[in-house]
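As a plain string of letters, each chain reads:
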Amino acid sequence: MGLELYLDLLSQPCRALYIFARSNNIPFEFKHVELFKDSVLGKKPAAGSGAEQPRAGPSNSEGAGKVSLLKKVPALKDGDFTLAECTAILLYLSRKYNTPDHWYPSDIQKRARVDEYLSWHHANIRANAPKTMWIKVLIPLFTGQPLPSEKLQEVMEGLSTSLKQFEERFLQDKAFIIGSEISLADLVAIVELMQPVGVGCDIFEDRPRLREWRRRVEDAVGKELFFQAHEMILNIKELSNIQIDPQLKEQLAPVLMKMLK
């Protein structure tokens, strides 16, 4: 029984895992999970070539629930072993498949820098960047009404503060977060920062240092793979005109509204 990854490429952590596995030629079976089961947000990407590609077909939501006790993606199944949480899975794959050292360096200080960024990331970049998609697309889709523009402005201000810290504290004048080569820190950061881009908030446009870093990350993993992983998020606005089942709206709308209070 081979390695299985339960993913939905609408999810930033899922994209990080997908890119990491593919760029390191790690063999795995792609198990597509619908984050928003029974909603249009479970829309599947176009069929790819081979088991490792995103593919159409039945959702593996039920299977993911059995694999991950947390009942969320990403989730890993490797024989009888199961694992949840993006960072834990990335580290597991890097160790099991002995991926190039630059991803998670053996040098104790460089590794500590990766750990430092991953610890900072959740309360800063991840705390702000995904909210742009909720405000501009997902909440209006489920509630039937847009949120006040002030809400997006508030989130963008918080994100701007985080980006300033990211550039000054972590990136500085280096090619990548820990130096001259890409690491897990860069990968986790870039997938998160593509979330605003997908809904029309181009955070790279007026930040040349950040824009050049993004270009280097794309080149390091391969542009084709990078944009394949982000195809769904970069076309997410197409979902805004699709009708949602009324019962699903009724169930999810109050929950979504509470998320941004």
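Residues numbered from 1 in each chain as written. Predicted model: local features only at pLDDT ≥ 70, side-chain atom pairs only at ≥ 80, totals over all residues. Heavy atoms only, no water.

J.: I'd like to hear about the overall build of the protein chain, residue by residue, with values.
T.: Looking only at helices and strands, the protein chain features twelve helices and four strands. Buried positions account for 51% of the 261 residues belonging to the protein chain. In the protein chain, of all internal contacts separated by at least 6 residues, the share reaching a separation of at least 24 is 71%. Of the accessible surface of the protein chain, which amounts to about 12600 Å², a share of 50% is contributed by carbon and sulfur atoms. (Helix = DSSP H or I, 4+ residues; strand = E, 2+ residues; numbered from the N terminus. Buried < 20%, exposed > 50% of the residue type's maximum accessible area, 1.4 Å probe, protein only. Contact = heavy atoms within 4.5 Å. Areas by Shrake-Rupley, 256 points an atom, 1.4 Å probe, with all protein chains shown as cover.)

J.: Which residues make up the pattern of salt bridges, and what values go with them?
T.: All chains considered together, the criterion is met by twelve salt bridges. Salt-bridge contacts for R113 lead to E116; the nearest nitrogen and oxygen are separated by 3.0 Å. Of this pair, R113 and E116 both sit in helix α4 (residues 108-123), three residues apart, which is roughly one turn of that helix. In this structure, a network of salt bridges that share partners links the residues E212, R214, R215, E218, D219 and K223. (Salt bridge = Lys/Arg side-chain N within 4 Å of Asp/Glu carboxyl O.)

J.: How would you explain helix α7 (residues 149-171) if you had to name every residue and give the values?
T.: The periodicity of an α-helix, 3.6 residues per turn, causes residues three or four places apart in sequence to face the same way. An ideal rise of 1.5 Å per residue puts 33 Å on 23 residues; α7 measures up with 31 Å between its terminal C-alpha atoms. Of all the positions in α7, only L152, V155, L159, S162, L163, F166, E167, F170 and L171 are classed as buried. In this fold, the buried residues of α7 make contact with α4, α5 (125-128), α6 (131-143), α8 (184-198) and α9 (208-221). In the segment just after α7, Q172 is the residue with positive phi, at about 50°. (Expected span 1.5 Å × (residues − 1).)

J.: Run through the sheet that holds strand β2 (residues 29-32), naming residues and quoting values.
T.: With respect to topology, four strands assemble into an open sheet ordered β2-β1-β3-β4, the strand pairing being mixed. Where the open sheet ends on each side, the last strands, each with one partner, are β2 and β4 (81-84). Going across the sheet, the axis of each strand differs from the next one's by a mean of 20°, ignoring polarity. For strand β1 (residues 3-7) and β2, the ladder comprises four bridges, and the chain directions are parallel. Bridge pairing in β2 places E4 opposite E29. The strands touched by helix α1 (residues 12-23) are β1 and β2; relative to β1, the strand with the most contacts, the crossing angle is about 145°. On top of the sheet, helix α3 (residues 86-96) reaches β1, β3 (75-78) and β4; it is set at about 135° to β4, its chief contact. (Pairing = 2+ DSSP bridges. Axes fitted to C-alpha atoms, helices over the stretch in contact; angles between N-to-C directions.)

Purely geometric numbers; function is a separate question.
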